[in-house]
Amino acid sequence: MSAPAAASDPGTIERERRLEGELVRALFGLGGITNYIPPIALAAMLALYWTEFGPWVVGGIAGLYAVAQVGLDALRADFRRKLPDALDRAGTYARIYLGLSVATGAAWGALGWFAMPVEDTARTVLTLLTLTVMCSSSVITRCYYPAAHYAFLSAVGVPMVARFLLMPGWIPLVTVLFTLLYVAALSQWVRTLHTTYRNEIGVRLDNQALVDRLRAAVEQADAANRAKTEFLTNISHELRTPMNGIIGAIDLLRERKQATEDARLLEVALDSAGLLMGVIDEVLDLAKIESGRLTVERRPMALRSTVEGAARGFLAQAARKDLTLAIDLDPDLPEAAQGDALRLRQVIANLVGNAVKFTDSGRVEVRARLVGAGAARRVEIAVIDSGIGIAAETQARLFRPFEQADNSTTRRYGGSGLGLAISKRLVEMMGGEIAVESKPGAGSTFTVLLPFEPAATADLTPAPEASAAGLGGAVLVVDDSAVNRQVAALQLTRLGYQVETVADAEQGLTRMAGRRFALVLLDLQMPGMDGYAMARAVRARESETGDRRRIPIVALTGNVLSGERERCLAAGMDDYLTKPVRLGTLGTTIASWIGTGAAPAAPGEARRDS
């Protein structure tokens, strides 16, 4: 084969090895009639010269060619049978092929030696034409391995040239000259074809190597994403579990009669815990967006109620700063639309929260209306404040993670600088856009434009029915954290429910086998049997016993990754709450399933089902 590149690095050496192997594969790839035209032609020529040559010459030429042809067939079959391992020994196969090419060429060369000179001009022309065709066909069959072609031409041409040189006159000399020119032309064609095929195979191998590298990179990226997802799951659980104890305990203390100073301190502690929980949520949301784990839904939602509810959640905060929080919903704004209510609330809450935070006096206004017409209709939500404003040169940085207008803003007002970056990504995922207009000292206007797709009010998801209403009994809390069990027990007692707690899923199944519970609050991440396995076991037991009274199971977890709710529902659970869970939210959820003792949700409080 052709000499490999001079580079000696392992990658180049391996590429050359594979390239030579593929060239030999192509060399042996020709089959069928292509391989058997030459022996048929040789047999016809030997029959034509039977009388002149005699049986010994004819038999010798035919025997030599037959041995070479059988050898070629056996070599080709052996190579194909032993693929892909045969590619590693391509050089050995190529050298054997070269030797057999010499043998076939020698058979044709012997034919030319004995056939010249021939007094019959027609037979002379036929013989020369046949030899020319055989040499030309070698260009096609042996261009993948030029050395075999040169060997074949030499075996055919040397006897012919020698024979012509022994003949008198100038015509044989001219014939020799033309023969040499013809051989040179064939050799040039072989080199050109070989270079073309070699480059083509090289490009194919390079493309395959690129595909393999891309596949490996994708697999590596998938592994990194899986590791990131696992990390997010674990860190979410580890952060939210203690926060559940902190916020839950403060929430319970606040419900009691306290001295004025104690009540104020509890409010400060609860506000601080809420701010910390907000930062945790923002960091996790950004990580989910970056890892592709955060998704938006497209289903009927209560548009007017979603916008108004998200804004009203900041009425108390605005009142504490003596700000007016106005909500202006256009009468033409429909009640229902297609979208993701949770993510829309999150965006509006970020914008209104910032407006209230960065406005020391005056007002904050939330406006919502439909703009455009036909297929170009959009929902426009604007949050307008009379706050500190933003300089033009810093507005572009607002939507970058961890950036605010300037360092003094961060020191004065606090915050992680993630809210606007997350809002921008969420709005873009919903097919919309977000923009800001502002001047220092003149307030700011943040505008969100979202695609509008109408939905019927009847399509809105109804509140869950009390499928276990009237069962009575206690609520079973299954959680491996002693703090969370204690907080949940105190919360449920405050809500008027009887409570039993266990530390793991095995104990939970044992306790449920002995008595009937009205509802199960189930942690998901527990050592041994996790919450998913326990839920499946409970549903399997109900199916086996034929019990039609399905016990509601509500997941209570620190995992906020996208798809967690669907995974819980698939395991047989009925609802999903994330830690930390506030007293009002817990009461509302339980009441929706068992219909007793519910406390209303606090204003602006909503479950985080991301």
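What comes next is a walk through the structure. (Residues numbered from 1 in each chain as written. Predicted model: local features only at pLDDT ≥ 70, side-chain atom pairs only at ≥ 80, totals over all residues. Heavy atoms only, no water.)

1. Points about the packing of aromatic side chains
Next, step 1: Counted by the stated rule, this structure contains eight aromatic pairs.
Next, step 2: Relative to F53, the ring of Y49 lies with its centre 5.0 Å away and its plane at 10°, an arrangement referred to as stacked.
Next, step 3: By way of ring pairs, the aromatic residues F28, F79, Y93 and Y97 are connected into one cluster.
Next, step 4: Between R163 and the ring centre of W113, over which it is positioned, the NZ or CZ distance is 4.8 Å.
Next, step 5: Sitting above the plane of the Y532 ring, R567 keeps its charged end 3.9 Å from the centroid. (Phe/Tyr/Trp six-rings, centres within 6.5 Å; stacked < 30°, edge-to-face > 60°. Lys NZ or Arg CZ within 6 Å of the ring centre and 35° of its normal.)

2. Things to note about the environment of L476
Next, step 1: By the secondary structure assignment, L476 is in strand β8 (residues 475–478).
Next, step 2: A relative accessible area of 0% means that L476 is categorised as buried.
Next, step 3: Residues L476 and L522, spaced 46 residues apart in sequence, show a C-alpha to C-alpha distance of 8.2 Å.
Next, step 4: In this structure L476 touches E500, V502, G508, R511, M512, F517, L519, V520 and L521, once residues within four positions along its chain are discounted. (Helix = DSSP H or I, 4+ residues; strand = E, 2+ residues; numbered from the N terminus. Buried < 20%, exposed > 50% of the residue type's maximum accessible area, 1.4 Å probe, protein only. Contact = heavy atoms within 4.5 Å.)

3. Some words on helix α15 (residues 482–495)
Next, step 1: Helix length check: α15, at 14 residues, gives a terminal C-alpha distance of 20 Å against a target of 20 Å (1.5 Å per residue), a fit within 8%.
Next, step 2: All of the buried residues along α15 are N484, R485, V487, A488, A489, Q491, L492 and L495.
Next, step 3: The positive-phi residue at the C-terminal boundary of α15 is G496, with phi of around 100°. (Expected span 1.5 Å × (residues − 1).)

4. Overview of the packing of helix α9 (residues 303–312) against helix α11 (residues 341–357)
Next, step 1: Close contact between α9 and α11 brings their axes to 9 Å; oriented N to C, the two are set at 35°. The crossing of α9 and α11 is right-handed. Contacts between α9 and α11 pair L303, T306, V307, A310 and A311 from the former with A341, L344, R345 and I348 from the latter.
Next, step 2: In terms of residue class, the contact of α9 with α11 is made up of seven nonpolar, one polar and one charged. (Axes fitted to C-alpha atoms, helices over the stretch in contact; angles between N-to-C directions. Left-handed = near helix turned anticlockwise from the far one by under 90°. Nonpolar A, V, L, I, M, F, W, Y, C, P; charged D, E, K, R; others polar.)

5. Some words on the pairing of strand β7 (residues 444–451)
Sheet faces and side chains relate simply in a regular strand, where the side chains alternate between the two faces.
Next, step 1: Here β7 shows one buried face, formed by S444, F446, V448 and L450, and one open face, formed by T445, T447, L449 and P451.
Next, step 2: Of the strand pairs in this sheet, strand β5 (residues 378–385) and β7 are connected by eight bridges, and their pairing is antiparallel. Note on β7: the bridge partner recorded for I384 is T445.
Next, step 3: The antiparallel pairing of strand β6 (residues 433–438) with β7 creates a hairpin that spans five residues between the two strands, and G441 there sits at a positive phi of about 80°. (Pairing = 2+ DSSP bridges.)

6. Side note on helix α19 (residues 583–594)
Next, step 1: Given a rise of 1.5 Å per residue, 12 residues ought to cover 16 Å, and the 16 Å separating the end C-alpha atoms of α19 matches this to within 8%.
Next, step 2: Most of α19 is tucked away: 11 of the 12 residues are buried.
Next, step 3: Among all positions in α19, only L583, G584, T585, L586, G587, T589, I590, A591, S592, W593 and I594 are buried.

7. So, the sheet that holds β8
Next, step 1: Pairing is parallel across the open sheet formed by five strands, whose spatial order is β9-β8-β10-β11-β12. Edge positions in the sheet fall to β9 (499–502) and β12 (575–578), since each of these pairs with one other strand and no more. The average undirected angle you get between the axes of adjacent strands in this sheet is 20°.
Next, step 2: Packed on one face of the sheet, α15 meets β8, β9 and β10 (519–522) and runs near 170° to β9.
Next, step 3: Packed onto the sheet, α19 meets β10, β11 (553–557) and β12 and runs at close to 170° relative to β12.

8. Thoughts on unusual backbone geometry
Next, step 1: Looking along the chain, the bond that leaves L83 and enters P84 is cis, with omega of 0°.
Next, step 2: Tracing the sequence through the fold places P84 in the loop between α3 (50–81) and α4 (90–115).
Next, step 3: Even without being glycine, D322 reaches a positive phi, approximately 60°.
Next, step 4: With respect to the secondary-structure elements, D322 resides in the loop between α10 (315–320) and β2 (324–329).
Next, step 5: On the basis of relative accessibility, which here comes to 70%, the residue D322 falls in the exposed class.

All quantities given are derived from atomic positions and should not be read as evidence of function.
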